[in-house]
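Residue-level structure breakdown
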Amino acid sequence: NAGVTQTPKFRVLKTGQSMTLLCAQDMNHEYMYWYRQDPGMGLRLIHYSVGEGTTAKGEVPDGYNVSRLKKQNFLLGLESAAPSQTSVYFCASSDRGDYGYTFGSGTRLTVV
Amino acid sequence: GEDVEQSLFLSVREGDSSVINCTYTDSSSTYLYWYKQEPGAGLQLLTYIFSNMDMKQDQRLTVLLNKKDKHLSLRIADTQTGDSAIYFCAEIPYGNNRLAFGKGNQVVVIP
């Protein structure tokens, strides 16, 4: 099925560990986004990309890095995980950025 | 920057109507959206309204847009237990290409 796939679905990290979350889309969308969802905070944009090879900071970028080496993949990295990064992470893609977002099913990350 | 505000919690009896409200500050948004998130699930696009419309009806859903007051609402008629979820309003300000969400409104339907 066409859509956005996020891996892994669940992960527990120790403080200071690093990890990479992978987002893959097969719709040939130009725009890709990483959001985090926290209770009572809605979804906040971490980083986004407007095309292959581009990245830009969103609302809450600190502590995260991203890469978009291939158009279909958008990677979110945590270099040194902190408990404040415990959250549910959602990836999304869009063809034009102004309409038609498709979301992945989320990655639940716990940092202990 | 843009700021989307929502109230947090609504309890409604099955069969009644529920109304969720949202205010936003950026009047340049072309589309305004309502997303639904069921427990433990991802985000599902529920409906949207184009900024030149005042109202949109889609089966049990009615979206009202008051651009003057920057107010968006979602009415769910004949609320069912499957409507229990968190509802997010969202906007994409013109030229921004980034979807901005409200904090969400949890709706609990009581049988």
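Each remark here, short or long, concerns the structure printed above.
What counts and what doesn't
Counting starts from 1 at the beginning of each chain's written sequence and moves along it residue by residue. Both sets of labels track the order of writing: A upward for chains, 1 upward for ligands. Under the rules for a predicted model, residues below a pLDDT of 70 receive no local features and side-chain atom pairs below 80 are neither given nor counted, while totals for whole chains, interfaces and linings still include all residues. Heavy atoms from the whole structure form the basis of all side-chain values; hydrogens and water molecules are not counted. For the purposes of this analysis, a disulfide is any pair of cysteine sulfur atoms at a distance within 2.5 Å. Secondary structure elements are defined from DSSP: runs of H or I of at least 4 residues count as helices, runs of E of at least 2 residues count as strands, and each element is numbered from the N terminus. Burial status follows relative accessibility: with a 1.4 Å probe on protein chains alone, a residue under 20% of its type maximum counts as buried, one over 50% as exposed, and anything between as partly exposed. Pairing between strands is defined by DSSP: at least two bridges between them are needed. Geometry is summarised by axes, namely lines fitted to C-alpha atoms with helices restricted to the contacting stretch, and by angles between N-to-C directions that run from 0 to 180 degrees. Here, two residues are considered to be in contact whenever any of their heavy atoms come within 4.5 Å of each other. In short, buried area is how much 1.4 Å probe accessible area vanishes from two parts on joining, totalled over both. We count a salt bridge whenever a side-chain nitrogen from Lys or Arg sits within 4 Å of a carboxyl oxygen from Asp or Glu. Here a polar contact is taken to be a pair of N or O atoms separated by no more than 3.5 Å, where protein atoms must pair a possible hydrogen donor with a possible acceptor and residues adjacent in sequence count only if both atoms sit in side chains. Under the scheme applied, nonpolar residues are Ala, Val, Leu, Ile, Met, Phe, Trp, Tyr, Cys and Pro; charged residues are Asp, Glu, Lys and Arg; polar residues are all the others, including Gly.

Okay, the state of the cysteines next. Residues and elements named next belong to chain A. Applying the stated criterion to the full structure yields two disulfides over all chains. A sulfur-sulfur separation of 1.8 Å characterises the disulfide bridge that pairs Cys23 with Cys91. Around the S-S axis, the bridge from Cys23 to Cys91 shows a dihedral of about -75 degrees and counts as left-handed. Placement of the pair is Cys23 in strand β3 (residues 19-25) and Cys91 in strand β9 (residues 87-94), with a sequence separation of 68 residues. Among the residues examined, Cys91 registers a relative accessible area of 0% and is labelled buried.

Residue and element names in this part refer to chain A. Taken together, four strands build an open sheet; the order of strands is β1-β3-β8-β7 and the sheet is antiparallel. Each of the sheet's edge strands pairs with one partner strand only, and the pair in question is β1 (4-7) and β7 (65-67). On average, each strand axis in the sheet is inclined to that of its neighbour by 20 degrees, with strand direction left out of account. Direction of pairing for β1 relative to β3: antiparallel, over a ladder of four bridges. Its bridge partner being in β3, Thr5 is matched across the sheet by Ala24.

With that settled, consider unusual backbone geometry. Following Thr7 of chain A, the chain continues into Pro8 of chain A via a peptide bond in cis, with omega recorded as -5 degrees. With respect to the element layout, Pro8 of chain A can be found in the loop between β1 and β2 (10-13). In this model, Asn28 of chain A sits at a positive phi of 60 degrees, which is unusual for a non-glycine residue. Structurally, Asn28 of chain A can be placed in the loop between β3 and β4 (31-38). In this structure, Lys70 of chain B is a non-glycine residue whose phi angle is positive, near 55 degrees. The residue Lys70 of chain B is located in the loop between β7 (61-66) and β8 (71-76) in this model. The class for Lys70 of chain B is partly exposed, based on a relative accessible area of 25%.

Interface size is often expressed as the accessible area that is lost when the parts come together. Contact with chain A, which involves 20 residues of that partner, is made by 16 residues of chain B. For the pair chain A and chain B, the summed buried surface comes to about 1500 Å²; carbon and sulfur atoms form 59% of the total. Among the residues of chain A in contact with chain B, Leu43, Tyr99 and Phe103 of chain A are the three that bury the most area, contributing 30% of the side total. Linking chain A with chain B are zero salt bridges, by the criterion used here. In this assembly, chain A and chain B are joined by eight residue pairs in polar contact (both at pLDDT 80 or more). Elements that contribute at least two residues to the side of chain A that touches chain B include exactly β4, β5 (42-49) and β10 (101-103) of chain A. Among the residues making up the side of chain A that touches chain B, the classes are represented as 11 nonpolar, seven polar and two charged.

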